[in-house]
Amino acid sequence: MLPLTALLLGLLAVALAWPVPAVLARAGWTRRDPVAALVCWQAVGLAGGLSIIGALLVHGLSPWGGSLPEAWWAWARHWFTGAQPAGPVRGDHWVAQTLAAVLALELLGVLVLALVRTARTRARHRALLELLVDDVSGVDARVLESPVPAAFCIPGARPLLVLSSGMVAELDPAELAAVVAHERAHLAERHHLLLMPFVAWREALPVLPAADRAHDAVRDLVEMRADDVALRAVPGPAGRRTLAKAIVAAAEGGAPQGALAAGGGVLTARVTRLLEPPAELPRWARPAAIGAAITLVAAPTLLLVLPAVV
Amino acid sequence: MESLGELERAVMDQLWSGSAALSATELRDALADRGLALTTVHTVLTRLEGKGFVRHDDARPRRFAAVASREEHAAGLMHEVLGQAADRQAVLARFIGSASPDEAAVLRALLADTP
């Protein structure tokens, strides 16, 4: 009996479409361990996609068999041999099949498009920067002439780290080192790859508030993680203050219009956790969070590949 | 042998430093200390045109000019970096000032309150 599998997957999909992201986005512990929180968000994204597509697929193919592998095989064979399904195929089965295919194609398609577009933009930026800026020895980054304080890096096989001349003028050498360490952390840990699926899926599912929430949370968490890694280059309480000052200096120098104020308070959150570091999570917390993330992905996967529960 | 990237920079520096458009021969002569063949100069110019940094007119011989000044390119790039497009952080991780005046005040107070 397939519908129970479909029902369980559907319930999981609903939970992952709203309550779970809402709770995770509001949770206070995520600031204390951005790595565990990032793992959880990746799991929510993956499990959410699997469960919604899986639920539709299982329901759509239910006339053909009792478990997804079996039903899929029977369904594929029926196109070649004309073998008839065991049960009657109703309209809702066709609708569910179609929706599953459309959703799967859309999520993957948008992700591929985003990757292609991003690669093109990066190539253009890189070509421009290679003509415009010099390698500066000592700073460990290239300097672009611009009064607005900014630092950015272009990820890729040959990553490029750029500071604006405004940034160099605004910060003292220790603060600059902290900013460079922060940007290097983004590059070293491939944070752009963690963020990319959420950028794509927010675009694919504009009606889903969870997609927005997940994107913003992941964007803020990678910043906090990069702060944590940067503190290794500027250690101690003095280092925390140095990085906090760099964040504030950059924030004050920029922001010529209100349109730039879309940070959503993440700067305040970052500066607060640098200046008044929250107590570390208990030792069991990170394994527990990662265990929960693995369970979250395993549940829909098992529901899909194992024979029907009943 | 210099890399194409370095030659592209040398050619762009020439085009950016002068106001007039230059022919390939003039560019070769301006870069005489590098001892470039005319075909090399043409290769570099074609690459730069492909990347959208250089355009040529229809005079004979063709004369090449920069599409935009160095400052315009820098300003355009910064505009993109600072822009609000949703995928910006995925294209390039950035560290910028993105605080509203209110938030900037809060940040200053936070720094002042902690020793």
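Every value quoted in this text rests on a predicted model; they were computed, and no experiment measured them.

(A) View of the overall build of chain A. Looking only at helices and strands, chain A has 12 helices and four strands in total. Dimensions of chain A along its principal axes, counting C-alpha atoms only, are 75 × 45 × 35 Å. Considering chain A as a whole, with its 310 residues, one finds that 43% of them fall into the buried category. Put simply, 71% of the contacts in chain A that link residues at least 6 apart link residues at least 24 apart.

(B) View of the UniProt feature "domain: Peptidase M48" (unreviewed entry) in chain A. Mapped onto this structure's residue numbering, the UniProt feature "domain: Peptidase M48" (unreviewed entry) falls at residues 143–196 of chain A. Counted over residues 143–196 of chain A, helix gives 52% and strand 22%. Its end C-alpha atoms are 27 Å apart.

(C) Spatial organisation of the domain arrangement of chain B. Split into domains, chain B comes out as domain 1 (4–66) and domain 2 (70–113). The distance between the C-alpha centroids of domain 1 of chain B and domain 2 of chain B comes to 35 Å.

(D) Representation of the interface of chain B and chain A. With 36 residues of chain B in contact, the opposing surface of chain A contributes 54 residues. When residues of the side of chain B that touches chain A are traced back to their parent elements, those giving at least two are α1 (4–17), α4 (70–82), α5 (88–91), β4 (93–96) and α6 (101–113) of chain B. Within the side of chain B that touches chain A, the residues separate by chemical class into 20 nonpolar, eight polar and eight charged. Pairing between strand β3 (residues 150–154) of chain A and β4 of chain B: four bridges, direction antiparallel. By the bridge assignment for β4 of chain B, Phe-152 of chain A is matched with Arg-94 of chain B.

(E) Structural detail: the pairing of β3 of chain A. All names here are of chain A. For β3, the buried fraction is high: five of the five residues fall into the buried class. Along β3, one buried face is formed by Ala-150, Phe-152 and Ile-154 and the opposite face, lined by Ala-151 and Cys-153, is buried too. In terms of strand pairing, β3 meets strand β4 (residues 160–164) through four bridges, oriented antiparallel. Bridge pairing links Cys-153 to Leu-161 in β4.

(F) Region of the structure containing the domain arrangement of chain A. Residues and elements named next belong to chain A. Split by domain assignment, chain A resolves into domain 1 (1–89 + 283–310) and domain 2 (135–278). Each of domain 1 and domain 2 has a C-alpha centre, and these two points are 34 Å apart. Between domain 1 and domain 2, the residue contacts involve 17 residues of the former and 18 residues of the latter. Per-element tally for the side of domain 1 that touches domain 2: the top contributor is helix α3 (residues 34–60), with eight residues. A per-class count over the side of domain 1 that touches domain 2 returns 12 nonpolar, three polar and two charged.

(G) A look at the environment of Ala-37 of chain B. Within the secondary structure, Ala-37 of chain B is located in the loop between α2 (24–30) and α3 (38–50). Considering only alpha carbons, one finds Ala-37 of chain B and Thr-25 of chain B, 12 residues apart in sequence, at a separation of 9.6 Å.

(H) Molecular detail of the sheet that holds strand β2 (residues 54–56) of chain B. Residues and elements named next belong to chain B. If you walk across this open sheet you meet the three strands as β1-β3-β2, and the pairing is antiparallel. Edge positions in the sheet fall to β1 (22–23) and β2, since each of these pairs with one other strand and no more. Relative to strand β3 (residues 63–66), β2 is paired through three bridges, and the arrangement is antiparallel. Bridge pairing links Val-54 to Ala-66 in β3. Here α1 sits on the sheet and contacts β1, β2 and β3; the angle it forms with β3, its principal contact strand, is near 85°.

(I) Quick look at the nonpolar core. Counting residues in hydrophobic clusters, the biggest one holds 116 residues, and the most contacted among them are Val-44, Ala-150, Phe-152, Val-162, Val-218, Leu-243 and Ile-247 of chain A. With 15 residues, α3 of chain A is the single largest residue contributor to this core. Once you skip the residues sitting within four places of it in the chain, Phe-152 of chain A turns out to touch Val-162 of chain A together with Val-81, Leu-92, Ala-93, Arg-94 and Phe-95 of chain B.

(J) Main features of the packing of α3 of chain A against helix α12 (residues 285–305) of chain A. Residues and elements named next belong to chain A. Between α3 and α12, whose axes approach to 9 Å, the crossing angle comes to 10°. For the element pair α3 / α12, the angle class is roughly parallel. In terms of crossing hand, the pair formed by α3 and α12 is left-handed. The residues of α12 that touch α3, namely those facing Ala-36, Val-39, Cys-40, Ala-43, Val-44, Leu-46, Ala-47, Leu-50, Ser-51 and Gly-54, are Arg-286, Ala-289, Ile-290, Ala-292, Ala-293, Leu-296, Val-297, Ala-299, Pro-300, Thr-301, Leu-303 and Leu-304.

Calculation criteria
Residues numbered from 1 in each chain as written. Chains lettered and ligands numbered in written order. Predicted model: local features only at pLDDT ≥ 70, side-chain atom pairs only at ≥ 80, totals over all residues. Helix = DSSP H or I, 4+ residues; strand = E, 2+ residues; numbered from the N terminus. Buried ≥ 20, exposed ≤ 12 C-beta atoms within 10 Å, placed from the backbone. Contact = placed C-beta atoms within 7 Å. UniProt positions renumbered as here; feature names shortened; annotations may be inferred. Domains from an automatic or database assignment. Nonpolar A, V, L, I, M, F, W, Y, C, P; charged D, E, K, R; others polar. Pairing = 2+ DSSP bridges. Axes fitted to C-alpha atoms, helices over the stretch in contact; angles between N-to-C directions. Core = buried A, V, L, I, M, F, W, Y, C linked by C-beta atoms within 7 Å. Parallel < 35°, antiparallel > 145°, perpendicular 65-115°, else oblique. Left-handed = near helix turned anticlockwise from the far one by under 90°.

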